[in-house]
Amino acid sequence: MNRTVGFAVLLVLAGAIVFSAYLAVADAEFARGTPESVARAAQLRPGNTRYLMLRALHLDYDGADSTPLLEKIAVLNPMSSAPRIRLGLAAELRGDPVAAEHWLLSAARVDRQFEPSWTLANFYFRQNRVDDFWTAMRQALEVSYGDRTPAFELCWRMASEPGEVLNRVFSGEFAQKDDVASAYLHYLLDRYNASLSSTPKDPPETAAIEQAAVQLARFASKKDPQVLYAICDLLMDRARWQGAKMLWTSLGNAEPRGIFNGEFHEMPGAAKGHGFDWRWEPGEGVLHLPLDGSGHRVTLNGKQAEHVALLWQFATVEKGRKYELRWTTRTANLPSPAGLRWEVEGASAAIETSNDWKQQSVQMTAASNAVRVALVYQRPQGWARAEGWVDVQSIALTPAGETTSSPK
């Protein structure tokens, strides 16, 4: 009895050794990678779908029909999308859209990742099947990651107008895909910048950016508020005031009325220096500092440009109405004239040098629904460039004659 058991064990071990050697030979043939060696590996292990997939690829390169082999692989591996995708594309290439759709739909059913739905969307695009395209594209974007530019490019090629992308893709719960919403806004910005070279006045992407940003703001802001503030700046530069205001408030900021942040309080997060907040660029010879409590200091060291906008913002107004710009400033170590003035809508007034807080004002009539208010330095003719600083405690823009408290 013991001899019988021992003999059986030896047979099993011998079989395992032979089988291991058999597998090793097949793996060695496959590793060589030539069409002939891969064919031999597939013969040795006809159930190995990895071998069979490379064998099918070699058949394609040779111009042979790999369809039977791919169908075999699909049966052997019912949860693999790769053979189904290849079967679908091959069927489309030979002019059989029915078989192509069958295999591509099968691939998308067994594999919920990006590539099957993306391939299906491309098929529907080529077949000009609009509704099916948007369904497949939406499914693809729902599981997408990384660079989504090719997907958005295809959407724009299919859409009859830019708003269709929003209506077809970013609707319902899908709009809450904050990473996709953010990626789409970045894509639109890239399109806009690329269009500036050929259409510098107002690229057609401007309207699309405005519509998308306003519609997707509350979702994209969770992922990437910076892109929304960049779009807000763009809209303001293009005088799209209504869209800019809607976007600005949707990001949690107070509605702009006249001068925004007239006491120069620190703005939170990504809003600082964007949209309706104050803007400045730290050029040579200019230093910006906050004052304790409220207010802003601009220091000049004599190396600043001869003409430079030190501070500026777009203030919201009512077109055709007369307004008064009022401010409170003080200066130190600056000559008189200092070359500093406030400018608004063609009107300007020089800032008087004074060590004490001094209130001044200038009036103007609004020619649009927003006006640019700027603190400007212009070197007076015959004078050296100023060295010293100006403190702005507060500034306000209100309808002329309106009874409101003056800036501090």
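Check the entry above for the structure.
Residues numbered from 1 in each chain as written. Predicted model: local features only at pLDDT ≥ 70, side-chain atom pairs only at ≥ 80, totals over all residues. Heavy atoms only, no water.

Engineer: Just checking my understanding: could you explain the overall build of the protein chain for this structure?
Structural biologist: Counting its regular elements, the protein chain contains 14 helices and nine strands. The proportion of buried residues among the 408 residues of the protein chain is 46%. Summarising the internal contacts of the protein chain: among those between residues at least 6 apart in sequence, 63% fall at separations of at least 24. Surface accessibility of the protein chain: about 20800 Å² in total, with carbon and sulfur atoms responsible for 52%. (Helix = DSSP H or I, 4+ residues; strand = E, 2+ residues; numbered from the N terminus. Buried < 20%, exposed > 50% of the residue type's maximum accessible area, 1.4 Å probe, protein only. Contact = heavy atoms within 4.5 Å. Areas by Shrake-Rupley, 256 points an atom, 1.4 Å probe, with all protein chains shown as cover.)

Engineer: So what exactly am I meant to see when it comes to the packing of helix H13 (residues 225–237) against helix H14 (residues 241–250) here?
Structural biologist: In helix packing, the relevant descriptors are the interaxial angle and the interaxial distance, both defined with respect to the helix axes. Taken N-terminus to C-terminus, the directions of H13 and H14 make an angle of 155 degrees; their axes are 8 Å apart at the nearest point. Here H13 is positioned roughly antiparallel relative to H14, judged by the angle of their axes. Considering how the two elements wind past one another, H13 and H14 form a crossing that is left-handed. Touching Leu228, Tyr229, Ile231, Cys232, Leu235 and Met236 of H13 are Trp241, Gly243, Ala244, Leu247 and Trp248, all from H14. Here the contact of H13 with H14 is built from residues that sort into 10 nonpolar, one polar and no charged. (Axes fitted to C-alpha atoms, helices over the stretch in contact; angles between N-to-C directions. Parallel < 35°, antiparallel > 145°, perpendicular 65-115°, else oblique. Left-handed = near helix turned anticlockwise from the far one by under 90°. Nonpolar A, V, L, I, M, F, W, Y, C, P; charged D, E, K, R; others polar.)

Engineer: Can you walk me through the nonpolar core in this structure?
Structural biologist: The tendency in soluble globular proteins is for nonpolar side chains to be buried side by side. Of all hydrophobic cores here, the largest spans 64 residues; its most connected members are Phe170, Tyr184, Leu228, Ile231 and Leu247. Residue contributions to this core peak at nine residues, all from helix H11 (residues 178–195). Residues contacting leucine 228, with those up to four places away along its chain left out, are Leu185, Ala213, Ala217, Ala220, Ser221, Leu247 and Leu251. Core analysis: the second largest hydrophobic core is formed by 33 residues, Leu311, Leu334, Trp342 and Tyr377 among them. (Core = buried A, V, L, I, M, F, W, Y, C linked by side-chain atoms within 4.5 Å.)

Engineer: Can you walk me through the packing of aromatic side chains in this structure?
Structural biologist: Describing an aromatic ring pair means giving the distance of the ring centres and the angle of the ring planes. In total, this model carries 17 aromatic pairs according to the counting rule given. With a centroid separation of 6.5 Å and 70 degrees between ring planes, the pair formed by tryptophan 156 and tyrosine 187 is classed as edge-to-face. Linking tryptophan 156 in helix H9 (residues 149–158) with tyrosine 187 in helix H11, this pair joins segments that are 31 residues apart in sequence. By way of ring pairs, the aromatic residues Phe152, Trp156, Phe170, Tyr184 and Tyr187 are connected into one cluster. We note arginine 372 situated over the ring of tryptophan 312; from NZ or CZ to the ring centre the distance is 4.6 Å. (Phe/Tyr/Trp six-rings, centres within 6.5 Å; stacked < 30°, edge-to-face > 60°. Lys NZ or Arg CZ within 6 Å of the ring centre and 35° of its normal.)

Engineer: Please explain the pairing of strand S5 (residues 340–344) as it appears in this structure.
Structural biologist: Side-chain positions along a regular strand alternate between the two faces of the sheet. Here S5 shows a clear split, with Leu340, Trp342 and Val344 buried on one side and none of Arg341 and Glu343 buried on the other. Of the pairings in the sheet, the one linking S5 to strand S8 (residues 370–378) comprises five bridges and is antiparallel in character. Note on S8: the bridge partner recorded for valine 344 is valine 373. The sheet contact formed by S5 and strand S6 (residues 347–350) spans four bridges and is antiparallel. For glutamate 343, the partnering residue across the bridge sits in S6 and is serine 348. Connecting S5 to the antiparallel partner S6 that follows it, the hairpin turn spans two residues, and glutamate 345 within it adopts a positive phi of roughly 50 degrees. (Pairing = 2+ DSSP bridges.)

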